[in-house]
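A structural walkthrough
For reference, the chains in residue letters:
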Amino acid sequence: MTADPAAELHTIIDLIRYGGSRFNEAGLTFGHSYDNAMDEATQLVLHALHLPHDLSPVYGQSRLTTREKHKILALFQRRIDERVPAAYLAGEAWFAGLNFKSDARALVPRSPIAELIEGGFEPWLGGREVRRALDLCTGSGCIAIAMGHYNPDWQVDGVDISDDALALAGENKARLHAGNVTLLKSDLFAGLTGRHYELIVTNPPYVTDDETDALPKEYSYEPELGLRAGPDGLDLVLKILRDAPLHLSQDGLLICEVGESEQHLVKLLPELDLAWIEFKVGQMGIFAVECRELITHNARIAELAAQRK
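A brief look at the structure comes next. It should be emphasised that the depicted structure is a prediction, and the values quoted were computed from it without experimental measurement. (Residues numbered from 1 in each chain as written. Predicted model: local features only at pLDDT ≥ 70, side-chain atom pairs only at ≥ 80, totals over all residues. Heavy atoms only, no water.)

A short note on the sheet that holds strand E5 (residues 181-185)
Put simply, the rule is: The rule for pairing is simple: two strands pair if DSSP sees at least two bridges between them. The helix and strand labels rest on DSSP assignments: H or I over at least four residues marks a helix, E over at least two residues marks a strand, and numbering proceeds from the N terminus. Note on geometry: axes are C-alpha line fits, over the in-contact stretch for helices, and angles between N-to-C directions span 0 to 180 degrees. Any pair of residues with heavy atoms lying within 4.5 Å of one another is described as a contacting pair.
Across the sheet, 7 strands lie side by side as E5-E4-E3-E6-E7-E9-E8; this open sheet has mixed pairing. The outermost strands of the open sheet, each flanked by one partner alone, are E5 and strand E8 (275-279). Neighbour-to-neighbour, the strand axes of this sheet turn through a mean angle of 20°, independent of strand direction. Note that strand E3 (residues 132-136) and strand E6 (residues 197-202) share 4 bridges and pair parallel. Within the sheet, the bridge partner assigned to Leu 134 lies in E6 and is Ile 200. The strands touched by helix H7 (residues 163-175) are strand E4 (155-160) and E5; relative to E5, the strand with the most contacts, the crossing angle is about 170°.

Spelled out as structure tokens, the structure:
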């Protein structure tokens, strides 16, 4: 390769292939929206060219100008040198088929809960009527806004403790015209007195302290507040399980993501009937639990939660 790769790279597919090779060679970590080098290279190329993310492959042989190539190569270099997640470099991320603004004020949208939203939360809802839904720890607002988008008759609350995250969520609400979504500042349920929901969905911080400390550099650009959750990753989850019945309807449903901390939760509360959800790629550490089940075991859950900070 010459000193200037742009001299030998000509088409969209050339740049994507080159980017994927460079990313793999550099040993980058993937996991912010995309899980591989080629998809991240594609994201950055199409972003730089102001082209849609679902561009037809027929355009892959389109030739680029020298200026366009240098713009793309500069993005590739930043991704390699700085280890910035591609979604932050592009300033956007796709979630549940929707385009969200993404920056360091909140985690990059990437939860498997997107699949549940697009599938109407079935069979877990079992056809029950939902009028009010809550997205607890909303971050960028992606879950709340996607729920509101696919269910225009729902009233959806998106809640977070971070002013920065709520500001970003507000921009995404305006961006996606989510008129049935209300954003609220609250430390978990603390500011939601009197509010009740048929469905609560939450993707709270659940990364253990040791795992947080060992995360690759890409994750250092995200707010640690959205990741770190104690020695077993359950500091917030236990409080959510304890307090959710106060805000769920009698036959309400809680859906919660805990990732790898699933193993710790099952050991702590083996008696709790959690339905671990299967996704297209298998289990992803997300469970559904009925309100009545949380009420039955509330004393034990409260005991465990009280032991946390």
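Don't stop here, the text continues.
Focus on the layout of surface pockets
Stated precisely, the cut-off is as follows: Residues are called lining when one of their atoms sits within 4 Å of a cavity or pocket point, these points coming from a 1 Å grid over the protein atoms alone, where a cavity is a set in which a 1.4 Å probe fits but cannot get out and a pocket is an open set with protein on both sides within 12 Å along at least five of seven lines. Grid points are joined across faces, edges and corners, and a volume is the space filled by probe spheres set on the points. Under the convention adopted here, Pro, Cys and the residues Ala, Val, Leu, Ile, Met, Phe, Trp and Tyr are nonpolar, Asp, Glu, Lys and Arg are charged, and Gly plus all remaining residues are polar.
Here the second largest pocket is characterised by a volume of approximately 160 Å³. Together, Ile 12, Ile 13, Ile 16, Thr 42, Leu 46, His 53, Leu 55, Ser 56, Pro 57, Tyr 59, Gly 60 and Gln 61 line the second largest pocket. Of all elements in the fold, only helix H1 (12-26) and helix H2 (37-48) reach the threshold of two or more residues within the lining of the second largest pocket. Here the lining of the second largest pocket gets 3 residues from one element, more than from any other, and that element is H1. Its residues assigned to classes, the lining of the second largest pocket comprises 7 nonpolar, 5 polar and no charged.

Focus on the environment of Pro 204
In this structure, Pro 204 sits in the loop between E6 and helix H8 (209-214). Not counting residues up to four positions away in its chain, the partners in contact with Pro 204 are Cys 137, Val 237, Ile 240, Cys 256 and Glu 257.

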